[in-house]
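Reading the structure
Below are the chains, spelled out letter by letter.
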Amino acid sequence: MESEDDMQDANDVESLEDFYSGDTAVDSDDAAADGDYDFVDQDSEDSDEFNSRRHMQNCSILEEADICLRQEDDITRVSTVLSISRVDASILLRHYNWSVSKVHDEWFADEEKVRRAVGLLAKPVVEFPNASEMACGICFETFPAEAMSAASCGHPFCCLCWSGYIGTAINDGPGCLTLRCPDPSCNAAVGLDMINMAVSEEDKKKYDRYFLRSYIEDNRKAKWCPAPGCEHAVEFVVGSGTYDVTCHCSYGFCWNCTEEAHRPVDCSTVSKWIMKNSAESENMNWILANSKPCPRCKRPIEKNQGCMHITCTPPCKFEFCWLCLGSWSEHGERTGGFYACNRYETAKQEGVYDEAERRREMAKNSLERYTHYYERWATNQSSRQKALGDLQLMQNVHLEKLSDIQCQPESQLKFILEAWLQIVECRRVLKWTYAYGYYLPEHEHAKRQFFEYLQGEAEAGLERLHQCAEKELQVYLNAEEPSKDFNEFRTKLAGLTR
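To keep things clear, this report deals only with the structure shown in the data block. Please read all numbers here as calculations on a predicted model, not as lab measurements.

1. Describing the overall build of the protein chain
For the protein chain, the helix and strand inventory stands at 18 helices and 13 strands. Of all intrachain contacts in the protein chain linking residues separated by at least 6 positions in sequence, the fraction that spans at least 24 positions is 58%. Summed over all atoms, the accessible surface of the protein chain reaches about 26600 Å², with 49% contributed by carbon and sulfur.

In structure tokens, the structure reads:
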């Protein structure tokens, strides 16, 4: 059995989250100031609540059927209140980003202004000609009247031109949702009725897809889940206290920046860290720290072993001294041989290479510091992925096996799943502490020392928890009969999980 102090080690992850509430990190209020809403600061007491109930409190998950139903309800409401057609109602809602209240406010404030802005004409601009034949305004061919169509403005065009015009707009992307009359002088909106009449079934499906996605993409309170292949949308509950949401696909992400969940580190730090990981600047730092340019062709050369006699690759083939970069023809025994250079040592004492050496040393130190934090960030990421796999294996296979061996119902073994959920969450927190630590100012020594102490304690506590849930559990999984000390194991693992 572990001592009471040991069982509290895992709680250091919570203490580490509390550390981020200081002045160095951008807090939730500051981050929210740049967004659409004011969010309530998250309580540190909730830092270890990694369960679906918490996530469902701050968001709702929408499937395609839910989105379609909401669209239809909004269109019906606007159509009924304003006494307009459903086609016109859908055009209004698209223009005002699917905000029913905004549509109502603007419409009743100035209906004519709204109609002009959106392209909903109260009456046609031109009367549709009452003739058996007429000329198309696009191809200028003459067609029978039944082969001509017009939007609400009355400008007549042939069905072939309508089909080509709308089909091209649909294939160009979501801009087809704000399509206007082909007449250059006309601002009339082209509604869904005209689109359904003019285009093929394939183009109708594309348009319907754009129309469906616009309900989420134009909505300030909803976003698509960023997980690859996921078709769910997430609607955020304003004032719920945390940005972290979890989709039905089990992917957790930050609703504010749509990156993977990164609490307690703020979105700004995460953005900088991700940008740094993908930037070319670290490649240039590596080149500067570990190579020198050829004196003739200036191509960077890395020296990883051997003497100071360097030969550049073809077609240059210039031979030079690695230390002083002078021509090798001027070197020999009198300059120090193959493993030294008297000229370099003399010039170095005179300060000739001070600036170049300083830049190279700075680049090397910067690279080593970045590598230190990145390796530990990546290690925790891979450990978290493995823990997720182990959790799934525990749920699907091992829990039932353990229940049979220890003669206990699965409901009494949930403490093991809770431990693995805690491991997954703690790995995520620890991973982002290294991004935070990288950007912590060097001159804030006291804060850095306290941060590193908390980080070390959290890592130690997590390793104890991970060891217990992974290694010590194997003893009971491999047992052939119920173990007398299983309840002691339960108490220990539950204590480390708290």
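So that's the structure; there's more coming.
2. Thoughts on the nonpolar core
Formed by 51 residues in total, the largest nonpolar core has its most connected members in I67, V78, L92, W162, I166 and I216. In this structure, V78 is in contact with S83, I84, A89, L93, V100, V103 and H104, ignoring residues within four places of it in sequence. Within the second largest apolar cluster, 27 residues are counted, among which are L417, L473, Y476 and F489.

3. Looking at the pattern of salt bridges
Under the criterion given, the structure shown has 18 salt bridges. For D74, the salt bridge identified is with R77, shortest N-O distance 3.6 Å. Residue D74 and its partner R77 are located together in helix α5 (residues 64-82), separated by three residues, close to a single helical turn. A residue is classified by how much of its surface remains accessible, and R77, at 46% relative accessible area, is partly exposed.

4. Description of the sheet that holds strand β7 (residues 233-236)
The strand order across the open sheet formed by three strands is β1-β7-β6, and the pairing between neighbours is antiparallel. Across the chains shown, the open sheet's two edge strands, defined by having one partner strand only, are β1 (59-62) and β6 (222-224). Each neighbouring strand pair of the sheet contributes to a mean axis angle of 25°, computed without reference to strand direction. Across three bridges, the pairing between β6 and β7 is antiparallel. Pairing of K223 across the sheet is with V234, part of β7. Against the sheet, α5 engages β1, β6 and β7, with an angle of about 100° to β1. Together, β1, β6 and β7 form the strand contacts of helix α11 (residues 201-217), whose direction differs from that of β6 by roughly 125°.

About the thresholds
- Residues numbered from 1 in each chain as written.
- Predicted model: local features only at pLDDT ≥ 70, side-chain atom pairs only at ≥ 80, totals over all residues.
- Heavy atoms only, no water.
- Helix = DSSP H or I, 4+ residues; strand = E, 2+ residues; numbered from the N terminus.
- Contact = heavy atoms within 4.5 Å.
- Areas by Shrake-Rupley, 256 points an atom, 1.4 Å probe, with all protein chains shown as cover.
- Core = buried A, V, L, I, M, F, W, Y, C linked by side-chain atoms within 4.5 Å.
- Buried < 20%, exposed > 50% of the residue type's maximum accessible area, 1.4 Å probe, protein only.
- Salt bridge = Lys/Arg side-chain N within 4 Å of Asp/Glu carboxyl O.
- Pairing = 2+ DSSP bridges.
- Axes fitted to C-alpha atoms, helices over the stretch in contact; angles between N-to-C directions.

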